[in-house]
Amino acid sequence: MIVGVCTVELLLSDSRSLKDKRRVLLRLKDRLHGQFNLSVAEVDGQDLWQKAVLGLACVSNEGRHANQVLDQALNLIRSDPTVELLQSKVELL
């Protein structure tokens, strides 16, 4: 069993309040879960309006598959105009 973990740091430059931030992140987390069956949670920066750190996780029987799913998830995040991907880190455990 392989667990793929990805940590992404996001900038939400249009966010003016925590409510704006939550709305954007909820939509993004729902898309990631729906399209890739990933577990997604905000793991840092909860009290900041324009910055968020998300943790993404998937379980697979092959490391290559887990890596591919996380790469596709990163591409989806990069294509979202409401967030800017500042940093990402992928680990296979």
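Before any of the text, the structure's been laid out above.
Residues numbered from 1 in each chain as written. Predicted model: local features only at pLDDT ≥ 70, side-chain atom pairs only at ≥ 80, totals over all residues. Heavy atoms only, no water.

### Thoughts on the pattern of salt bridges
Then, in step 1: Inspection of every chain in the model, using the stated rule, returns seven salt bridges.
Then, in step 2: A salt bridge links Asp-20 to Arg-23, with the shortest nitrogen-to-oxygen separation between them at 3.6 Å. With Asp-20 and Arg-23 both in helix H1 (residues 18–36), this residue pair falls three residues apart, about one helical turn.
Then, in step 3: By relative accessible area, which is 53% here, Arg-23 ends up exposed.
Then, in step 4: Close ionic contact of Glu-42 with Lys-21 constitutes a salt bridge, the shortest N to O distance being 2.9 Å. Remark: Lys-21 occurs in helix H1 and Glu-42 occurs in strand S2 (residues 39–44); sequence separation between them is 21 residues.
Then, in step 5: We classify Glu-42 as partly exposed; its relative accessible area is 22%.
Then, in step 6: Here the residues in one salt-bridge network are Arg-27, Arg-31 and Asp-80, joined through shared partners. (Salt bridge = Lys/Arg side-chain N within 4 Å of Asp/Glu carboxyl O. Helix = DSSP H or I, 4+ residues; strand = E, 2+ residues; numbered from the N terminus. Buried < 20%, exposed > 50% of the residue type's maximum accessible area, 1.4 Å probe, protein only.)

### Considerations on the sheet that holds strand S3 (residues 51–60)
Then, in step 1: Strand order in the open sheet formed by four strands is S2-S3-S1-S4, and the pairing between neighbours is antiparallel. The sheet is open, and its two edges are formed by S2 and strand S4 (84–92), each paired on a single side. Strand-to-strand, the axes of this sheet are offset by a mean angle of 20°, without reference to chain direction.
Then, in step 2: With 10 bridges joining them, strand S1 (residues 2–11) and S3 adopt antiparallel strand pairing. (Pairing = 2+ DSSP bridges. Axes fitted to C-alpha atoms, helices over the stretch in contact; angles between N-to-C directions.)

### Things to note about the nonpolar core
Then, in step 1: Val-8, Leu-10, Leu-28, Leu-32, Leu-38, Leu-56 and Ile-77 are the most contacted members of the largest nonpolar core, which has 22 residues in total.
Then, in step 2: With seven residues, helix H2 (residues 63–79) is the largest single contributor of residues to this core.
Then, in step 3: Setting aside residues up to four positions removed in sequence, Val-8 forms contacts with Ala-52, Val-53, Leu-54, Leu-56, Leu-74, Ile-77, Leu-85, Gln-87 and Ser-88. (Core = buried A, V, L, I, M, F, W, Y, C linked by side-chain atoms within 4.5 Å. Contact = heavy atoms within 4.5 Å.)

### Points about the environment of Val-5
Then, in step 1: With respect to the helices, strands and loops of the structure, Val-5 is situated in strand S1.
Then, in step 2: Spatially, the C-alpha atom of Val-5 lies 13 Å from that of His-65, the residues being 60 residues apart in sequence.
Then, in step 3: Apart from the residues within four sequence positions on either side, Val-5 is in contact with Leu-56, Leu-70, Lys-89, Val-90, Glu-91 and Leu-93.

### Some words on the state of the cysteines
Then, in step 1: Applying the stated criterion to the full structure yields zero disulfides.
Then, in step 2: Between Cys-6, a cysteine without a disulfide, and Cys-58, which holds the nearest cysteine sulfur, the sulfur-to-sulfur distance is 9.4 Å.
Then, in step 3: In this structure Cys-58 comes out as buried when scored by relative accessible area, which is 8%. (Disulfide = S-S within 2.5 Å.)

### Here's the deal with the packing of H1 against H2
Then, in step 1: At a minimum axis distance of 11 Å, the contact between H1 and H2 shows a crossing angle of 145°. Our pair here, H1 against H2, has a crossing hand that is right-handed. Residues Leu-28, Arg-31, Leu-32, Gln-35 and Phe-36 of H1 touch H2, and the partners they reach there are Val-69, Gln-72, Ala-73, Leu-76 and Ile-77.
Then, in step 2: Considered class by class, the residues forming the contact of H1 with H2 number seven nonpolar, two polar and one charged. (Left-handed = near helix turned anticlockwise from the far one by under 90°. Nonpolar A, V, L, I, M, F, W, Y, C, P; charged D, E, K, R; others polar.)

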